[in-house]
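For reference, the chains in residue letters:
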Amino acid sequence: MNNEDLHHKFLECSGVSTDTRKIEPNNMYFALKGDNFDGNAFAKQALEAGATYAVVDDASIVLDKERYILVDDVLQRLQELANHHRHSLNIPIIALTGSNGKTTTKELIHAVLSTTYTVGATKGNLNNHIGVPLTLLSFDSNLDYGIVEMGANHQKEIEFLCSIAVPNFGVITNFGKAHMEGFGGIEGIIKGKSELYDYLKSHNGLAFINSEDPKQMEQLGSYGNRYTFGPKGADTQVAFSHANPFVTGTYNQTEFSSQLIGGYNFTNIAIAISIGEYFDVPESSIIKGIESYTPTNNRSQIMDKGSNHIILDAYNANPTSMKAALHNLFQLEASHKVVFLGDMFELGDYAKEEHQAIVNLLESEFDGTIFLAGENFYDTERQGNTKAFKTFEDLKNEINDIEFENATILIKGSRGMALERVLDFI
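Reference entry: report on the structure contained in this document. (Residues numbered from 1 in each chain as written. Predicted model: local features only at pLDDT ≥ 70, side-chain atom pairs only at ≥ 80, totals over all residues. Heavy atoms only, no water.)

## A short note on unusual backbone geometry
What counts is decided by this rule: Strands here are runs of E lasting at least two residues and helices are runs of H or I lasting at least four, both read from the DSSP assignment and numbered beginning at the N terminus. Remark: exposure states derive from per-residue accessible area (1.4 Å probe, protein chains only) relative to the maximum for the residue type, with buried under 20%, exposed over 50%, and partly exposed in between.
Phi angles above zero are rare outside glycine, and N26 is one such case at about 70°. Phi angles above zero are rare outside glycine, and N252 is one such case at about 50°. With respect to the helices and strands, N252 occurs in the loop between β12 (246–251) and β13 (254–261). Judged by relative accessible area, which is 33%, N252 ranks as partly exposed.

## A short note on the sheet that holds β13
The line we're drawing: Pairs of strands are assigned from DSSP output, requiring at least two bridges between the strands. Only C-alpha atoms enter the line fits that serve as axes; for helices the fit covers just the stretch in contact. Angles between N-to-C directions range over 0 to 180 degrees. Should any heavy atoms of two residues lie within 4.5 Å, those residues are counted as being in contact.
What the 9 strands build is an open sheet, ordered β6-β7-β5-β8-β9-β10-β11-β12-β13; its pairing is mixed. The open sheet has two edge strands, β6 (119–121) and β13, and neither has a second partner. Neighbour-to-neighbour, the strand axes of this sheet turn through a mean angle of 25°, independent of strand direction. Strand direction decides the pairing type here: β12 and β13, joined by 5 bridges, are antiparallel. Bridging across to β13, G249 finds its partner in F256. Docked against the sheet, helix α4 (residues 102–113) engages β5 (93–97), β6, β7 (145–149) and β13, running at close to 170° with respect to β7.

## Thoughts on the packing of aromatic side chains
Rules: For Phe, Tyr and Trp, where Trp contributes only its six-membered ring, two rings pair if their centres lie within 6.5 Å, and the inter-plane angle classes them as stacked under 30 degrees, edge-to-face over 60, or tilted in between. Throughout this description, the term charge over a ring refers to an Arg CZ or Lys NZ atom that lies within 6 Å of the ring centre and within 35 degrees of the ring normal.
The full count for this structure, using the stated rule, is 16 aromatic pairs. Ring centres 5.5 Å apart and planes at 85° place the aromatic pair F208 and Y278 in the edge-to-face group. Separated by 70 residues along the polypeptide, F208 in strand β9 (residues 206–210) and Y278 in helix α11 (residues 266–278) bring together distant segments of the chain. Classification of F208 by relative accessible area gives buried; the value is 0%. Residue classification places Y278 among the partly exposed positions, given a relative accessible area of 30%. Chaining the aromatic ring pairs together yields one cluster made of Y117, Y145, F169, F208, Y227, Y278 and F279. Taking the ring centre of Y378 as reference, the NZ or CZ of R382 above it sits at 5.9 Å. Of note, R421 hangs over the ring of F392, and the distance from its end group to the ring centre comes to 3.9 Å.

The analysis is restricted to geometry; functional conclusions fall outside its scope.
This is how it looks when you write it as structure tokens:
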């Protein structure tokens, strides 16, 4: 079956699914393989659960040719179908990548554009070689714009995702120390993320870019199809005011106040404002979109528990985002500050150096209480009252009997640390 015929069958369906636990009536099921599972084994179950078709690549399980669609490679056909669907929609696609802030920025862009247009966007952080196709297949012809988040942990991945999504517009949030193991250091990260710029250049796409970021300006080079944002001399005039704790700023001399903490989130806000302006969203609607956005999913969330003020930023962490979160905590006005930090993953040979740098930063600039969890933090050299624990269980045993009162508490670590569990003990 060719891609056009597969697309016709897809249009008969209510959507796609790769998980039999989440099958909805009239879905098209794609039997993907993983390290520990083979989706082909669940194809019959998917059909019994309500799927109309099951796309499989194991001929031995095909029971009939009406509901089973046999292909050579399920993942490849999912990606090809997504690309075919993207072309059939013929809507503008805005792609974004970067080391930090991708999902928050995507949500902010969606919040701004949705005040004026019908907009589709990546759900959660479905931003890889499977998530991007699923995102595209969730779009329909009723949309004015589609927003596609792209993640990567090695070079050529953004290039590949662009070949599927075919973006007309793109933005890179920043270059930071994320997935250093796969990219091979900061220069590899810059090269890998800049594949989005390379794609836009070769397809006459438009890049939204921070005029105050010299490294990004260098990567974009002399390419002229750009729309800049910054405090002065840019297409979009947006300036940072302060973040104590929430980010505030001015857009065309009009003040706005967000529900996001940390100066590091200002660029994410500025991106959304710039994109809104480019697409003719009224200024009042842009500000409404920014001010109405509330962070969720352990991303820069502020909450109170008893007398304690908590900054929950435990969705993920890397050296750049960790330092930014700490510097934000340092400048907050509070009588007692506490940090709970968990290991940063995917650093490879850089792990020891980067975890030690965080400890050194804390011990030189922070006068609050420090709790560290994870094997990498446990292996650092420490002094003073810095407490480190090899496992979360060891940390839990330490803090279970401590009463925290009137404290400003930062909780941050990589997703695998699940450091939001600290909330149960403070």
